[in-house]
Amino acid sequence: FRKATNGPQFLKQVQAEGIDLKIISQEQEGTIGFLTASHACPEIANTDLVAWDSGGGSLQITSVEIGALCSWLRTVGSSIATSLLVEQVQAKNFKDCPSPNPVSVPQAQALVRE
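As the structure is a computational prediction, the values presented were derived from the model and not from experiment.

Quick look at the layout of surface pockets
Taken as a whole, the largest pocket encloses approximately 320 Å³ of empty space. By residue class, the composition of the lining of the largest pocket is six nonpolar, six polar and four charged. Of the pockets and cavities examined, the second largest pocket occupies roughly 240 Å³. Lining the second largest pocket are 11 residues, and of these Leu-59, Val-76, Gly-77, Ala-81 and Leu-111 sit closest to its centre. Put simply, the parts of the chain that give the lining of the second largest pocket at least two residues each are strand 1 (50-54), helix 3 (78-89) and helix 4 (105-113). Looking at the lining of the second largest pocket element by element, the count peaks at three residues for helix 3. In terms of residue class, the lining of the second largest pocket is made up of seven nonpolar, three polar and one charged.

Observations concerning the sheet that holds strand 1
A sheet is described by the order of its strands in space; here three strands give the open sequence 1-2-3, paired in antiparallel fashion. Strands at the two margins of the open sheet, each flanked by one partner only, are strand 1 and strand 3 (68-74). Ignoring which end each strand starts from, the neighbouring axes of this sheet average 15° apart.

Some points on the pattern of salt bridges
If you walk through the whole model with that rule in mind, you get one salt bridge. The salt bridge involving Glu-29 is made with Arg-2; its shortest N-O contact spans 2.6 Å. In this pair, Glu-29 sits in helix 2 (residues 26-40) while Arg-2 sits in the segment before helix 1 (7-16), placing the two residues 27 residues apart along the sequence.

What to know about a nonpolar patch on the surface
A cluster of nonpolar residues, Phe-1, Phe-10 and Ile-23, forms a patch on the protein surface that exposes about 290 Å² of accessible area. When you line up the elements, Phe-1 lands in the segment before helix 1. Look at Phe-1 and you get exposed, because its relative accessible area is 56%.

Criteria and thresholds
Residues numbered from 1 in each chain as written. Predicted model: local features only at pLDDT ≥ 70, side-chain atom pairs only at ≥ 80, totals over all residues. Heavy atoms only, no water. 1 Å grid on protein atoms, 1.4 Å probe; cavity = no way out; pocket = protein on both sides within 12 Å on 5 of 7 lines; lining within 4 Å. Points joined across faces, edges and corners; volume = space filled by probe spheres on them. Nonpolar A, V, L, I, M, F, W, Y, C, P; charged D, E, K, R; others polar. Helix = DSSP H or I, 4+ residues; strand = E, 2+ residues; numbered from the N terminus. Pairing = 2+ DSSP bridges. Axes fitted to C-alpha atoms, helices over the stretch in contact; angles between N-to-C directions. Salt bridge = Lys/Arg side-chain N within 4 Å of Asp/Glu carboxyl O. Patch = residues over 30% accessible without salt bridge, like charges linked within 9 Å, V, L, I, M, F, W, Y side chains within 5 Å. Areas by Shrake-Rupley, 256 points an atom, 1.4 Å probe, with all protein chains shown as cover. Buried < 20%, exposed > 50% of the residue type's maximum accessible area, 1.4 Å probe, protein only.

Dropping the structure here:
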């Protein structure tokens with residue numbers, strides 16, 4: 001929703017139905033992901049826990065560093081990475097070929113360099 005062109009319009013429609021919905025920041029999403037992982041895995045100390053949240057358009061990796069939550073935030077999620085792999089690495093049209101599979105090791109390495 002943060003980057004969707006129709007995000008604000010959809011949010012207004014949902015709110016008009018009486019649902020109190022808010023679009024949160026990517027940093028807040030990372031914090032919520034970490035707190036959820038911490039609650040789900042109480043046997044792991046927070047200092048040993050790393051929460052990975054890869055969505056359609058964003059990636060958050062959150063951990064505790066020097067006593068405070070620290071998030072590594074990127075605007076590349078699974079949808080964007082898949083599109084880049086198909087179009088820029090494999091030189092195919094994403095609309096015609098929505099799946100990159102099978103992916104070779106050199107193709108995966110090329111994606112990381114993109």
